[in-house]
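# Inside the fold
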Amino acid sequence: MKRTLALTFITVLATAGAWGSTSLTNAATIAQVVANQQQLKAPFDLRAQVVAIPQDSSSPIIVKDDSGFIRVYPSDKLPLVAIPGDWISVQGMICAFTKDIFAAYATNLTVLAHGQPPAPIDATPDDIYSGKLVYGIVRLHGVVIDVFQDEADARFSFLILSVDGKPIGLPAGKAVPYERLARLIGAEISVTGPCSAYYGHGPRAKLEYEVYIEREDDITVITPPPADPFEVAGFQPSVYPIIFPKPGDSMRRKLVGRVEAVADGRMVYVRTANGELSSIRLTDNGKLPSPQDLIEAVGIAETDFYSLNLSRAIWRAASQHGSFRNDINVHRAVFQLIGRND
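Cut-off values and rules
- Residues numbered from 1 in each chain as written.
- Predicted model: local features only at pLDDT ≥ 70, side-chain atom pairs only at ≥ 80, totals over all residues.
- Heavy atoms only, no water.
- 1 Å grid on protein atoms, 1.4 Å probe; cavity = no way out; pocket = protein on both sides within 12 Å on 5 of 7 lines; lining within 4 Å.
- Points joined across faces, edges and corners; volume = space filled by probe spheres on them.
- Helix = DSSP H or I, 4+ residues; strand = E, 2+ residues; numbered from the N terminus.
- Nonpolar A, V, L, I, M, F, W, Y, C, P; charged D, E, K, R; others polar.
- Pairing = 2+ DSSP bridges.
- Axes fitted to C-alpha atoms, helices over the stretch in contact; angles between N-to-C directions.
- Core = buried A, V, L, I, M, F, W, Y, C linked by side-chain atoms within 4.5 Å.
- Buried < 20%, exposed > 50% of the residue type's maximum accessible area, 1.4 Å probe, protein only.
- Salt bridge = Lys/Arg side-chain N within 4 Å of Asp/Glu carboxyl O.
- Arc of directions from axis to C-beta.
- Contact = heavy atoms within 4.5 Å.
- Polar contact = N/O pair within 3.5 Å; in protein donor to acceptor, adjacent residues only side chain to side chain.
- Patch = residues over 30% accessible without salt bridge, like charges linked within 9 Å, V, L, I, M, F, W, Y side chains within 5 Å.
- Areas by Shrake-Rupley, 256 points an atom, 1.4 Å probe, with all protein chains shown as cover.

## Remarks on the layout of surface pockets
One number sums up the size of the second largest pocket: a volume of about 570 Å³. Along the wall of the second largest pocket there are 29 residues; nearest its centre are A182, I185, P229, R252 and I314. Elements supplying a minimum of two residues to the lining of the second largest pocket: β7 (137-149), α4 (178-182) and β17 (308-317). Here the lining of the second largest pocket gets five residues from one element, more than from any other, and that element is β7. For the lining of the second largest pocket, the residue count by class is 15 nonpolar, five polar and nine charged.

So, in structure tokens, the structure goes:
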């Protein structure tokens, strides 16, 4: 994940000279020291292969050796002569750029040999959450079951991917607009990106580990999403599938009903054909329906134990689509039975 860092303490690194036998010499040990956040100014001297290079001077180089992966931040005066696949010798020091966060900073880098960039590691959610692939470039293959915007920071969105029936949330930055991600719901895709660790810090620290989608090019569509996003299963009478869904199951469901009211927060209340009232929270784009409209809505199934509801939903007028034309008279009859006029 690209993070902007102010390297205001880079002069500390410039004082580092020759590295002695006390230097850290493998990626796993460096990563452990960084995670423990204890050994300030610990020197390292590493021979490794470049996996990925920064897009700007404040982003890290990702390198690997036989022990694992590590991110190394180049000093602002260090020319980046390496490319992915190169074998390098890199020296530097572990420093803190805030009181809580440590990182490995390079003051010297030499290309030893050229090579082929290592292939991404095919991974599962269990692999990611084990912590064994931290700093590695990984690839996840699955079906998109949900997309939503970060509630705390609208610049970020989350794509929920079901990999072999196990869901994992993949954050994406502003370079990958929410609207573009939302079109992928139901698609089979692969995602390639760096695996990161929060170690208890940052706005999404509770994730513990993440695979960040930095660019749209990180996503490869294998099977496109359904042409009609409304072609999903309807609600079942039982709430059991909502409260206890099968692992990886999409929770997107469809409701058809007459709009009773539209409230603040893009909340729409509809009366279904069987007379039940459901609430639908619509996404933040598009127009709102009006009271008495007969609509169909697709969103994430929820229940408050009294009603079947939808969140992050989209809608359209049910009477304008052939699949529901034959049902309109039934709906009207039910509404008349419960004392409601067309």
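And the narrative resumes.
## Here we look at the sheet that holds strand β14 (residues 267-272)
Read around the closed barrel, the five strands follow the order β13-β14-β15-β17-β16; overall the barrel is mixed. Pairs of neighbouring strands in the sheet enclose a mean axial angle of 55°, with direction left out of account. Strand direction decides the pairing type here: β14 and strand β15 (residues 277-282), joined by five bridges, are antiparallel. If you follow Y269 over to β15, its bridge partner there is S279.

## Some remarks on the nonpolar core
Formed by 57 residues in total, the largest nonpolar core has its most connected members in I94, I128 and L159. Top element by residues in this core is strand β1 (residues 42-52). It accounts for six residues.

## Observations concerning unusual backbone geometry
Unusually for a residue other than glycine, Q292 sits at a positive phi of about 85°. Inspection of the secondary structure assignment puts Q292 in the loop between β15 and β16 (294-303). Accessibility expressed as a relative area gives 44% for Q292, which makes it partly exposed. One non-glycine residue, R312, adopts positive backbone phi at about 50°. Mapping R312 onto the fold places it in strand β17. Judged by its relative accessible area of 30%, R312 is partly exposed.

## Things to note about the sheet that holds strand β2 (residues 61-65)
Backbone hydrogen bonds are what pair the strands of a sheet, in a parallel or an antiparallel way. The sheet built from five strands closes into a barrel, its strands ordered β1-β2-β3-β5-β4 with mixed pairing. With direction set aside, neighbouring strand axes in the sheet form an average angle of 55°. In terms of strand pairing, β2 meets strand β3 (residues 68-74) through five bridges, oriented antiparallel. Its bridge partner lying in β3, V63 is registered against I70.

## Points about the pairing of β15
What sits between β14 and β15 in their antiparallel hairpin is a turn of four residues, with G275 showing a positive phi close to 90°. Two elements, β15 and β17, share two bridges in a ladder whose sense is parallel. Across the sheet, residue L282 finds its bridge partner in β17, namely A313.

## Quick notes on the pattern of salt bridges
Applying the stated criterion across every chain yields a total of ten salt bridges. Its salt-bridge partner being R312, residue D146 comes within 2.2 Å of it at the nearest N-O pair. Linking D146 in strand β7 with R312 in strand β17, this pair joins segments that are 166 residues apart in sequence. Between R215 and D218 there is a salt bridge, with the nearest N and O atoms lying 3.3 Å from each other.

## Details of helix α2 (residues 27-36)
Restricting attention to buried positions, one finds in α2 the residues A27, I30, A31, V33 and V34. Each buried residue of α2 sits inside an arc of 160° when the element is viewed along its axis, so together they form one side. On its buried side, α2 packs onto β1, β2, β3, β4 (87-96) and β5 (102-113). One side-chain oxygen at the N-terminal end of α2 lies 3.2 Å from the backbone nitrogen of A28; it belongs to N26.

## Examining a nonpolar patch on the surface
The grouping of Y240, I243, F244, F305 and Y306 at the surface amounts to a nonpolar patch, some 690 Å² of accessible area in total. With respect to the helices and strands, I243 occurs in helix α5 (residues 240-243).

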